[in-house]
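Listed below are the residues making up each chain.
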Amino acid sequence: MAYKCRVIRDGKGILKMNFIPYGKQFIDDEDIQSIIETLKSDFLTTGPKIETFENEIANYCGAKYCIAVSNGTAALHLASLVLLEENDKVLTTPNSFLATSNSILYAKAKPIFVDIIPEGNIDLDLCEKELQRDPTIKAIYGVSFSGNMLNQGKLKYLKENYNIIVLEDNAHSIGAIYAGIKSGSCQNSDIGIFSFHPVKHITTAEGGAITTNDEILYKKLLTLRAHGMVKTPQMKPWEYEMRELGYNYRITDIQCALGLSQLKKLDEFINRRIRIAKKYDNAFSNTLVKPLYRCNEQKSSYHLYVVKVNFSRLSISKEELFLKMRNKNIGLQLHYIPINKQPYYKSLGYGNEFTPVMKNYYDECFSLPMYPLLTDEEQDYVIKTLFEILDA
Ligand SMILES: Cc1ncc(COP(=O)(O)O)c(C=O)c1O
């Protein structure tokens, strides 16, 4: 894979950089070719590429079933419809994109926000305390934040001892492995979801998928993806029946053609992300910039590279750092604003939960550029600029 360098030198040898975002897609000629072939084929949607993509995702992560859908939010929506009932209580994390807990609301269930651990994932020990305090709690919705999977031993224990439903939002973690367990394999969860938005590991532009090992859930999800329609061999050729209220959350063959081509490169993408993470780890060791976690045995697939800086000890604020880095053409990002503090959630009565680790995370953390196309030279520039601004 060729990594194109976007560093430009002017006549005087001065370095100029194109804008370096926190994340972006990698598209090559092979991807473009596979889209063109599908555009010339008989099926733009509801064709054979969809099932092939689903089978390959299921094989890749070791789940029995996969349903590809129009985006990660649609995956969460359908998952919540099959897992939850009205008024169910669901433990979830404030440290995610809005879609995770919104999907609980779509199913008319009730999110309960639990604090996080310093590495960014939901605190499963606190979840256990909540389960002991309130045995009516139905489910845990966790996120494998930044590409780092939930503690699988603890999930297994909670499922076995508290009869709890578990959804893993794996939007950040395709390709991650925890003690031999692959993200999306659903070994210790009922359902996993992926997103294929361009900033994620592989992209279909918009797109998402649901994985599960449960045949009953799989069949319900297939029906809900397509308007709640059912067609059986006993029916007349033109007949179909709508037996429940479903949606059009179909993904297209064009998107799946891109997804299939991207999937071939996924392991290489992840290796590149890990090399970038190791270089950041080395650059930040024993400095005021602390990686959220370091590359270790547990294989994060590094959707994000998050660092912590104690701004209360510096003369620069986080906002100033973001603006100064932007002036130097580097896009930092914050993942995430606590969901429970959003105005809509506040209007529902949320916002005052005791989540000190999340608060500290929000004050100190931010994400650095991390994507396969980031060149070594660009990464050096990001590191050097960050230190220059913080030291000043
Ligand atoms: C953790 C998480 N969950 C869900 C989603 C929703 O995915 P999509 O944008 O494909 O709807 C995202 C996307 O940003 C995400 O980061």
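These lines cover the structure that appears in this document, whether it is placed above or below. Remember, predicted model here, so these are calculated numbers, not experimental data.

Reading the values: rules and limits
- Residues numbered from 1 in each chain as written.
- Predicted model: local features only at pLDDT ≥ 70, side-chain atom pairs only at ≥ 80, totals over all residues.
- Heavy atoms only, no water.
- Helix = DSSP H or I, 4+ residues; strand = E, 2+ residues; numbered from the N terminus.
- Rg over C-alpha atoms; globule rule 2.2 N^0.38 Å.
- Buried < 20%, exposed > 50% of the residue type's maximum accessible area, 1.4 Å probe, protein only.
- Contact = heavy atoms within 4.5 Å.
- Pairing = 2+ DSSP bridges.
- Axes fitted to C-alpha atoms, helices over the stretch in contact; angles between N-to-C directions.
- Left-handed = near helix turned anticlockwise from the far one by under 90°.
- Nonpolar A, V, L, I, M, F, W, Y, C, P; charged D, E, K, R; others polar.
- Phe/Tyr/Trp six-rings, centres within 6.5 Å; stacked < 30°, edge-to-face > 60°.
- Lys NZ or Arg CZ within 6 Å of the ring centre and 35° of its normal.
- Parallel < 35°, antiparallel > 145°, perpendicular 65-115°, else oblique.
- Salt bridge = Lys/Arg side-chain N within 4 Å of Asp/Glu carboxyl O.
- Near = heavy atom within 4 Å.
- Polar contact = N/O pair within 3.5 Å; in protein donor to acceptor, adjacent residues only side chain to side chain.
- Areas by Shrake-Rupley, 256 points an atom, 1.4 Å probe, with all protein chains shown as cover.

1. Concerning the overall build of the protein chain
Point 1. Looking only at helices and strands, one finds 13 helices and 16 strands in the protein chain.
Point 2. Radius of gyration (C-alpha) of the protein chain: 22 Å, near the 21 Å computed for a compact globule of 392 residues.
Point 3. Relative to its full complement of 392 residues, the protein chain shows a buried share of 55%.
Point 4. Residue pairs in contact within the protein chain that sit at least 24 positions apart in sequence constitute 71% of those at least 6 positions apart.

2. Some remarks on the sheet that holds strand 15 (residues 305–308)
Point 1. Strand order across the open sheet formed by 3 strands is 14-15-16, with antiparallel pairing between neighbours. One side of each edge strand has no neighbouring strand; the edge strands of this open sheet are strand 14 (290–291) and strand 16 (365–368).
Point 2. Strand direction decides the pairing type here: strand 15 and strand 16, joined by 4 bridges, are antiparallel. Across the sheet, the residue bridging to Tyr 305 is Leu 368, located in strand 16.

3. A look at the packing of helix 2 (residues 48–61) against helix 8 (residues 253–263)
Point 1. Running from N to C, helix 2 and helix 8 point in directions that differ by 35 degrees, and their axes come no closer than 8 Å. The handedness of the crossing between helix 2 and helix 8 is left-handed. Contacts from Pro 48, Lys 49, Ile 50, Thr 52, Phe 53, Glu 56 and Ile 57 of helix 2 reach helix 8 at Asp 253, Cys 256, Ala 257, Gly 259, Leu 260 and Leu 263.
Point 2. Here the contact of helix 2 with helix 8 is composed, by residue class, of 8 nonpolar, 2 polar and 3 charged.

4. Thoughts on the packing of aromatic side chains
Point 1. Evaluation of the coordinates by the stated rule reveals 20 aromatic pairs.
Point 2. Ring plane angle 85 degrees and centroid distance 5.9 Å describe the contact between Phe 145 and Tyr 361, whose orientation is recorded as edge-to-face. Separated by 216 residues along the polypeptide, Phe 145 in the loop between strand 6 (139–143) and helix 6 (152–162) and Tyr 361 in helix 12 (residues 356–364) bring together distant segments of the chain. With respect to class, Phe 145 is no different from Tyr 361; both count as buried.
Point 3. Residues Tyr 344 and Tyr 345 carry aromatic rings whose centres are separated by 6.0 Å and whose planes lie at 90 degrees to one another, so their mutual orientation is edge-to-face.
Point 4. We classify Tyr 345 as buried; its relative accessible area is 2%.
Point 5. Aromatic ring contacts, followed pair by pair, group Tyr 280, Phe 284, Tyr 293, Tyr 302, Tyr 305 and Phe 387 into a single cluster.
Point 6. In this arrangement the basic side chain of Lys 182 is found over the ring face of Tyr 60, its NZ or CZ atom lying 3.7 Å from the centre.
Point 7. When the ring centre of Tyr 362 is taken as reference, the NZ or CZ atom of Lys 318 above it lies at 5.7 Å.

5. A look at the packing of helix 10 (residues 318–327) against helix 13 (residues 376–391)
Point 1. Where helix 10 meets helix 13, the closest approach of the two axes is 10 Å, and the angle between their N-to-C directions is 135 degrees. Accordingly, the angle class assigned to the pair helix 10 and helix 13 is oblique. As helix 10 packs across helix 13, the resulting crossing turns out to be right-handed. On helix 13, the residues that touch Leu 321, Lys 324 and Met 325 of helix 10 are Val 382, Thr 385, Leu 386, Ile 389 and Leu 390.
Point 2. Looking at the contact of helix 10 with helix 13 residue by residue, the class counts come to 6 nonpolar, 1 polar and 1 charged.

6. With respect to the pattern of salt bridges
Point 1. Counting across every chain of the model gives 20 salt bridges.
Point 2. With a closest N to O distance of 2.7 Å, Lys 89 and Asp 134 form a salt bridge. Of this pair, Lys 89 sits in strand 4 (residues 89–92) while Asp 134 sits in the loop between helix 5 (124–133) and strand 6, and the two are 45 residues apart along the sequence.
Point 3. Relative accessible area serves as the criterion here: at 25%, Lys 89 is assigned to the partly exposed category.
Point 4. Between Glu 241 and Arg 243 there is a salt bridge; the shortest N-O distance is 2.9 Å.
Point 5. Taking the relative accessible area as the measure of exposure, Glu 241 reaches 39% and is therefore partly exposed.
Point 6. Because the salt bridges share partners, they merge into one network encompassing Asp 28, Glu 30, Asp 31, Lys 264 and Lys 265.

7. Structural notes on the site of the ligand
Point 1. Taken together, 16 residues are adjacent to the ligand, and Gly 72, Thr 73, Asp 169, Ser 195 and Lys 200 come closest.
Point 2. One of the side-chain nitrogen or oxygen atoms of His 172 is found 3.0 Å away from an oxygen atom of the ligand.
Point 3. Protein contact buries 91% of the 390 Å² of open area that the ligand shows by itself.
Point 4. Its residues assigned to classes, the shell around the ligand comprises 6 nonpolar, 8 polar and 2 charged.

8. Comments concerning the environment of Thr 136
Point 1. Along the polypeptide, Thr 136 turns up in the loop between helix 5 and strand 6.
Point 2. When the C-alpha positions of Thr 136 and Ile 164 are compared, they lie 9.8 Å apart, and in sequence the two are 28 residues distant.
Point 3. Reaching out from Thr 136, the side chain makes a polar contact with the side chain of Asp 134 at a distance of 2.6 Å.

9. Considering the pairing of strand 6
Point 1. Burial within strand 6 is extensive, with 5 of its 5 residues counted as buried.
Point 2. Judged by which residues are buried, strand 6 turns out to be covered on both faces: Ala 139, Tyr 141 and Val 143 on one side and Ile 140 and Gly 142 on the other are all buried.
Point 3. Pairing between strand 4 and strand 6: 3 bridges, direction parallel. Bridged to Leu 91 within strand 6 is Ile 140.
Point 4. Relative to strand 7 (residues 165–169), strand 6 runs parallel, the two sharing 5 bridges. If you follow Val 143 over to strand 7, its bridge partner there is Asp 169.

10. Some remarks on unusual backbone geometry
Point 1. Omega for the bond connecting His 335 with Tyr 336 falls within 30 degrees of zero, at 10 degrees, which places this linkage in the cis form.
Point 2. Mapped onto the elements of the fold, Tyr 336 is located in the loop between helix 10 and helix 11 (343–347).
Point 3. You will see that Asn 87, though not glycine, has its phi angle at about 70 degrees, which is positive.
Point 4. Taking relative accessible area as the criterion, Asn 87 reaches 59% and is therefore assigned exposed.
Point 5. Phi is positive for Ala 205, which is not a glycine, with a value near 70 degrees.
Point 6. Among the structural elements, Ala 205 can be located in the loop between strand 10 (191–195) and strand 11 (208–212).

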